[in-house]
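This is what each chain is made of:
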Amino acid sequence: MGSRPRETDAPGGPSNGAAPPPPAAGDVEITKPRNDKREYRRVVLPNALECLLISDPDTDKAAASMNVSVGYFCDPDGLEGLAHFLEHMLFYASEKYPIEDSYSKYIAEHGGSTNAFTSSEHTNFFFDVNSDSLHDALDRFAQFFIKPLMSPDATLREIKAVDSENQKNLLSDPWRMSQLQKHLCAENHPYHKFSTGNWNTLEVKAKEKGLDTRLELIKFYDSHYSANLMQLVVYGKDSLDNLQNLVEDKFCDIRDFGRKPFSFPGHPCTSEHLQILVKAVPIKQGHTLRILWPITPNVRRYKEGPCKYISHLIGHEGEGSLFYILKKLGWAMSLEAGEGDWSYDFSFFSVVIELTDEGQEHMEDTVGLLFRYITLLQTSGTPKWIFDELQAICETGFHYRDKSPPMNYVVNISSNMQIFPPEDWLIASSVPSKFSPDAIQTILNELTPENVRIFWESKKFEGQTNLTEPWYGTSYSVEAVHPSIIKKWLEIAPEENLHLPKCNIFIPSDLSLKSVGEKVTFPSMLRKSPLSRLWYKPDTMFFTPKAYIRMDFHCPLSQSSPESAVLTDLFTRLLMDYLNDCAYDAQVAGLYYDVRANDTGFQITMVGFNDKMRTLLETVIGKIAEFEVKVDRFSLIKESMTKKYENFKFRQPYQQALYYCSLILDDQAWPWDEEFSALSHLEATDLGFFLPHMLSKTFIECYFAGNIEPNEAKSVVQHVEDVLFNAPVSACKPLSPSQHLAKRVVKLEKGLRFYYPAMCLNHQDENSALLHYIQTHQDNVKQNVLLQLLALVGKQPAFHQLRSVEQLGYIVVLRQRNDSGVRGLEFIIQSTVKDPANLDARVEYFLKMFESTLYQMSDAEFKSNVSALIDMKLEKYKNIREESAFFWAEIAEGTLKFDRKEAEVAALRDLKKEELIDFFDDHVKINAPQKKILSVQVFGGLHTAEYQTIVQNAPPPQSCEITDVYSFRRSRPLYGSFRGGVGQMKL
């Protein structure tokens with residue numbers, strides 16, 4: 001996959017370096033999408049803080065992002081992670097708002113969320129909030145940069161949070177491999193550094209050196225956080241003039257001491273770090289080949305976009321491409337190409353290939369074919385038509401870009417402000433506009449055997465390595481690869497017909513808007529037959545030439561056993577595999593498709609430009625109708641799924657807890673180990689027999705939305721029925737009414753606490769996790785809003801107490817849970833500090849504390865929380881995906897409550913504080929009469945002894961241990977199902 005910059009350092013993103021300074025303030029014409037009605041204004045405050053104001057009268061959410069041009073490259077030697085630690089500390093308190101976590105509390109109680117991240121050369125702080133609360137939110141936010149308080153007590157506690165964050169990443173391959181690439185670079189270049197920090201770097205080592213981490217933190221802040229190194233974006237409902245007054249008022253007190261922008265000239269790699277082959281042992285099963293070259297940063301010639309052009313070709317997946325050939329040979333499962341880590345001073349071009357077991361044996365041939373393809377690009381000139389096509393795709397993408405959540409939008413732009421001139425803050429490097437064969441050739445000439453770094457990861461290298469990366473403990477070895485060796489690989493690689501791609505037939509040419517008649521708010525049922533049902537919702541909000549199609553194939557036989565569930569999954573993966581050769585171009589042109597197994601059978605989703613959507617859908621349906629199992633592809637897909645199951649045990653402990661919770665509650669769920677064992681003995685012939693059997697009972701639930709006319713939607717569904725059901729030899733047969741699938745959820749016992757202890761599947765993982773679930777009710781408007789309000793009111797106090805104060809771990813969440821309409825609250829905590837049974841006790845302790853918070857809540861506070869929740873519910877959809885996701889959920893669950901939001905808002909307007917307290921007293925309070933608890937406890941490596949104790953001891957009073965999930969499920973009553981029940985009867 002190409003044409004998309006790949007952030008190889010997934011955790012931190014690209015390291016965007018400092019570009020030349022922007023022009024003086026003035027009216028800059030900012031390039032914006034054609035259909036963008038928002039207004040933009042660049043402002044520079046007297047303290048040199050550069051701002052972009054965005055006025056969007058239609059928005060329900062306001063947002064802001066402050067980008068500070070200081071990242072972990074600035075960490076003092078021997079204080080690794082200081083910049084990242086400072087990012088954490090600024091959230092605590094300020095001189096103006098000294099109460100700890102009051103910023104986060106304000107944001108949470110006004111419908112918003114907040115976060116931050118630190119990368120190599122910048123730190124970005126951001127939030128969103130209901131639009132009428134922007135004024136007060138900005139006042140609190142600005143204090144981060146004016147007078148933060150960093151109390152000694154908070155400093156010590158928060159080092160533990162940073163340490164817990166690092167603990168979470170220690171067994172994560174993306175973090176490990178990213179650090180290994182940095183490790184094998186010049187030690188005097190900041191790219192070499194460890195960015196996160198941990199207890200050892202920020203506390204132990206600091207003390208040994210006689211340093212006080214808090215004083216170092218203050219010193220770092222005082223010497224680095226200067227207003228002239230900051231870029232602010234504020235997005236709100238107000239006019240530009242009002243936003244400007246607001247920003248001038250709130251941010252004028254940030255100190256500017258004219259700090260020179262930090263720059264880090266030179267490349268991290270010297271000659272000793274090139275021409276190397278690194279073999280590394282990953283945590284997970286699988287073989288990955290990463291080929292990297294230092295190159296001239298694309299950002300220096302972003303108008304020409306040479307990297308975009310080259311990654312489009314090297315990452316192409318159509319006929320004649322490198323991936324097409326590697327796939328045909330059975331050597332690769334995926335390929336991505338593009339610029340990886342980059343700044344203004346240095347950059348890497350990377351090609352990442354996921355190898356099959358056979359590909360692992362052909363690494364040299366694979367690298368040889370890659371270099372042969374690069375040679376083809378170097379010698380075949382640079383055809384202008386390919387650039388023109390890419391430019392057309394990028395331009396259409398930019399001008400018809402979906403509105404995104406304001407918070408994501410402001411983060412993107414503030415990051416761009418550090419790098420691009422003001423006129424390009426929105427467009428950045430997304431649209432290449434000048435064709436420059438020279439720029440393209442310059443980069444191609446850097447992709448040579450002389451410049452290469454090859455990282456090859458596989459469990460096969462266990463016991464064959466002699467070195468260890470210090471921060472994550474990755475085992476690796478390094479050997480030299482002379483260019484003559486690579487030239488030899490190139491010569492002996494198999495003779496295959498590599499060639500440039502053909503023209504893309506999926507580029508949209510008709511971008512006109514269809515007439516949809518009167519404005520409709522909800523989907524309606526347009527067509528119904530024994531074979532399918534069609535829901536339709538025209539676009540009356542977004543006015544873009546895009547559509548959304550969802551088709552769920554309800555096949556009861558797809559889930560009748562672990563074997564059938566796995567065979568259904570194999571079928572959809574094979575289908576996607578077959579489609580790739582012809583439909584890859586659709587993805588490139590902005591038309592996304594996906595086929596995957598789900599809990600009722602399988603689903604087809606399409607979203608993007610509607611012009612060629614029908615062609616694509618008919619292609620997919622055609623492939624289903626004439627599906628045949630290709631033995632060679634079957635065995636590769638089976639191999640890839642086998643690795644997926646083998647890697648299940650490396651999921652984070654909190655993810656394992658979520659899995660167990662679903663397994664216990666969902667009457668139909670099959671356990672992963674039974675599916676894994678079924679997979680091991682399945683062959684291609686099994687799928688050949690199974691598929692007609694599965695499709696012999698099929699009903700298709702369809703949803704068409706967006707820029708599509710009702711008659712066209714009907715005719716597409718008629719075509720699908722004709723091809724799949726009405727052909728002389730048809731793939732599908734109808735489903736009888738008695739066989740429609742239900743979705744049943746286990747009903748827990750009032751007044752009883754069920755607990756399920758389990759050892760973490762990966763015994764090397766020291767983290768433990770708790771999921772404490774309180775089941776409250778089944779879908780009911782009044783109770784839904786009471787639960788949502790309780791979750792809103794409790795979210796921040798839970799985070800403050802369990803994370804900020806008690807420092808149980810980095811991951812601490814309180815949220816509502818919804819299993820097919822059965823609702824409740826769940827606490828999720830991941831920790832090395834306490835075992836899960838202990839964490840459970842801390843949750844109970846928190847609930848006892850929270851009780852008084854709730855009872856003492858003033859009427860004004862109650863009203864404020866209610867109106868925040870109302871504002872969240874009234875938030876308009878920003879694009880067709882968001883709108884479709886909401887309506888589709890109602891269809892899929894069978895609830896069909898399309899006016900849910902309106903009904904819930906009406907219920908909220910009538911709500912009384914006493915009702916919230918009654919709801920808490922009945923369902924959530926310690927020892928509440930109706931309380932139903934499920935405590936899922938995953939014990940990490942540090943808590944093995946505690947696990948032994950809990951399984952050997954008799955259950956405490958009012959508690960019951962679940963020892964066998966399936967006996968438990970069979971013995972419990974179930975909630976009624978909306979799906980296949982009332983919903984279907986409404987027809």
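Residues numbered from 1 in each chain as written. Predicted model: local features only at pLDDT ≥ 70, side-chain atom pairs only at ≥ 80, totals over all residues. Heavy atoms only, no water.

What follows is about the overall build of the chain. Scanning the chain from terminus to terminus reveals 32 helices and 27 strands. Here the C-alpha atoms of the chain give a radius of gyration of 29 Å, agreeing with the 30 Å that 2.2 N^0.38 yields for 987 residues. With the C-alpha coordinates of the chain rotated into their principal frame, the extents come out at 75 × 70 × 65 Å. Every one of the 987 residues in the chain was classed for burial, and the buried ones make up 61%. For the chain, restricting intrachain contacts to residue pairs at least 6 apart in sequence, the fraction spanning at least 24 positions comes to 83%. Accessible area of the chain: about 37100 Å², with a carbon and sulfur share of 52%. Counting 105 positive and 131 negative side-chain charges, the chain places the centres of these two groups 3 Å from one another. (Helix = DSSP H or I, 4+ residues; strand = E, 2+ residues; numbered from the N terminus. Rg over C-alpha atoms; globule rule 2.2 N^0.38 Å. Buried < 20%, exposed > 50% of the residue type's maximum accessible area, 1.4 Å probe, protein only. Contact = heavy atoms within 4.5 Å. Areas by Shrake-Rupley, 256 points an atom, 1.4 Å probe, with all protein chains shown as cover. Lys, Arg positive; Asp, Glu negative; His and termini not counted. Charge placed at Lys NZ, Arg CZ, Asp CG, Glu CD.)

Let us now look at the UniProt feature "domain: Peptidase M16 N-terminal" (unreviewed entry) in the chain. Those residues carrying the UniProt feature "domain: Peptidase M16 N-terminal" (unreviewed entry) are residues 52-185 in this numbering. Its end C-alpha atoms 37 Å apart, residues 52-185 is made of 40% helix and 22% strand. (UniProt positions renumbered as here; feature names shortened; annotations may be inferred.)

Let's shift gears to the nonpolar core. Formed by 91 residues in total, the largest nonpolar core has its most connected members in Met551 and Phe704. Sort the elements by how many residues they give to this core and helix 17 (residues 562-588) lands first, with twelve residues. Every residue in contact with Phe704, bar those within four places of it in the chain, is listed here: Leu534, Trp535, Tyr536, Lys537, Tyr548, Ile549, Met551, Leu617, Ala713, Val716 and Val717. Core analysis: the second largest hydrophobic core is formed by 67 residues, Cys74, Leu82, Phe125 and Leu274 among them. (Core = buried A, V, L, I, M, F, W, Y, C linked by side-chain atoms within 4.5 Å.)

To continue, consider helix 1 (residues 82-89). Among the eight residues that make up helix 1, eight are buried, leaving the element largely enclosed by the rest of the structure. Considered for burial, the residues of helix 1 that qualify are Leu82, Ala83, His84, Phe85, Leu86, Glu87, His88 and Met89. On its buried face, helix 1 is in contact with strand 5 (113-118), strand 6 (123-130), helix 4 (152-169), helix 6 (199-208), helix 7 (213-224) and helix 24 (781-805).

This part covers the pairing of strand 17 (residues 532-538). Extensive coverage of strand 17 is indicated by the burial of seven of its seven residues. Of the two faces of strand 17, both are covered, the one formed by Ser532, Leu534, Tyr536 and Pro538 as well as the one formed by Arg533, Trp535 and Lys537. Sheet topology places strand 16 (residues 524-528) next to strand 17; four bridges connect them, and they run antiparallel. By the bridge assignment, Lys528 is partnered in strand 17 with Arg533. As paired elements, strand 17 and strand 21 (residues 699-706) share seven bridges and run parallel to each other. (Pairing = 2+ DSSP bridges.)

Contact geometry for helix 26 (residues 859-873) and helix 28 (residues 900-909): axes closest at 10 Å, N-to-C directions at 170°. Judged on the interaxial angle alone, helix 28 and helix 26 are roughly antiparallel. As helix 26 packs across helix 28, the resulting crossing turns out to be left-handed. Each of Val866, Leu869, Ile870 and Lys873 in helix 26 lies in contact with helix 28, whose residues at this interface are Lys901, Glu904, Val905, Leu908 and Arg909. Split by residue class, the contact of helix 26 with helix 28 holds five nonpolar, no polar and four charged. (Axes fitted to C-alpha atoms, helices over the stretch in contact; angles between N-to-C directions. Parallel < 35°, antiparallel > 145°, perpendicular 65-115°, else oblique. Left-handed = near helix turned anticlockwise from the far one by under 90°. Nonpolar A, V, L, I, M, F, W, Y, C, P; charged D, E, K, R; others polar.)

Moving on, we come to empty space enclosed by the protein. According to the stated counting rule, one finds nine cavities of 30 Å³ or more in the structure shown. Put simply, the second largest cavity is a space of about 80 Å³. Taken together, Leu90, Phe91, Tyr92, Ala93, Ser94, Tyr97, Ser102, Tyr103, Arg140, Gln143 and Phe144 form the lining of the second largest cavity. Taken together, the elements giving at least two residues each to the lining of the second largest cavity come down to strand 4 (93-94) and helix 2 (102-109). Split into classes, the residues belonging to the lining of the second largest cavity amount to seven nonpolar, three polar and one charged. (1 Å grid on protein atoms, 1.4 Å probe; cavity = no way out; pocket = protein on both sides within 12 Å on 5 of 7 lines; lining within 4 Å. Points joined across faces, edges and corners; volume = space filled by probe spheres on them.)

Turning our eyes to something else, we now look at the domain arrangement of the chain. When cut into domains, the chain gives domain 1 (39-172 + 185-252), domain 2 (276-406 + 417-492), domain 3 (524-726) and domain 4 (745-975). Centre-to-centre separation of domain 2 and domain 3, based on C-alpha positions: 30 Å. Of the residues lining the interface, 24 residues belong to domain 2; the matching set on domain 3 comes to 19 residues. Carbon and sulfur atoms supply 58% of the area that domain 2 and domain 3 bury against each other, a total of about 1900 Å² over both sides. Here Asp577 and Lys327 are joined by a salt bridge, their closest N and O atoms 3.5 Å apart. Taken together, the links from domain 2 to domain 3 amount to eleven residue pairs in polar contact (both at pLDDT 80 or more). In terms of residue count, helix 10 (residues 322-328) provides more of the side of domain 2 that touches domain 3 than any other element does, three residues in total. Here the side of domain 2 that touches domain 3 is built from residues that sort into seven nonpolar, ten polar and seven charged. (Domains from an automatic or database assignment. Buried area = accessible area lost by both parts, 1.4 Å probe. Salt bridge = Lys/Arg side-chain N within 4 Å of Asp/Glu carboxyl O. Polar contact = N/O pair within 3.5 Å; in protein donor to acceptor, adjacent residues only side chain to side chain.)

Another point: the environment of Ile99. Considering the arrangement of structural elements, one finds Ile99 in the loop between strand 4 and helix 2. For Ile99, a relative accessible area of 64% puts it in the exposed group. For the pair Ile99 and Asp666, spaced 567 residues apart in the sequence, the C-alpha separation amounts to 43 Å.

Let us look at the UniProt feature "domain: Peptidase M16 middle/third" (unreviewed entry) in the chain. Sequence positions flagged by UniProt for "domain: Peptidase M16 middle/third" (unreviewed entry) are, in local numbering, residues 398-676. Counted over residues 398-676, helix gives 38% and strand 18%. Its end C-alpha atoms are 43 Å apart.

Here we take up unusual backbone geometry. Residues apart from glycine generally show negative phi values, whereas peptide bonds are mostly found in trans. In this structure, Gln275 is a non-glycine residue whose phi angle is positive, near 55°. On the secondary structure map, Gln275 appears in the loop between helix 8 (240-251) and strand 9 (276-280). Unusually for a residue other than glycine, Ala428 sits at a positive phi of about 45°. The topology assignment puts Ala428 in the loop between helix 14 (406-417) and helix 15 (437-444). What makes Ala428 buried here is its relative accessible area of 12%.

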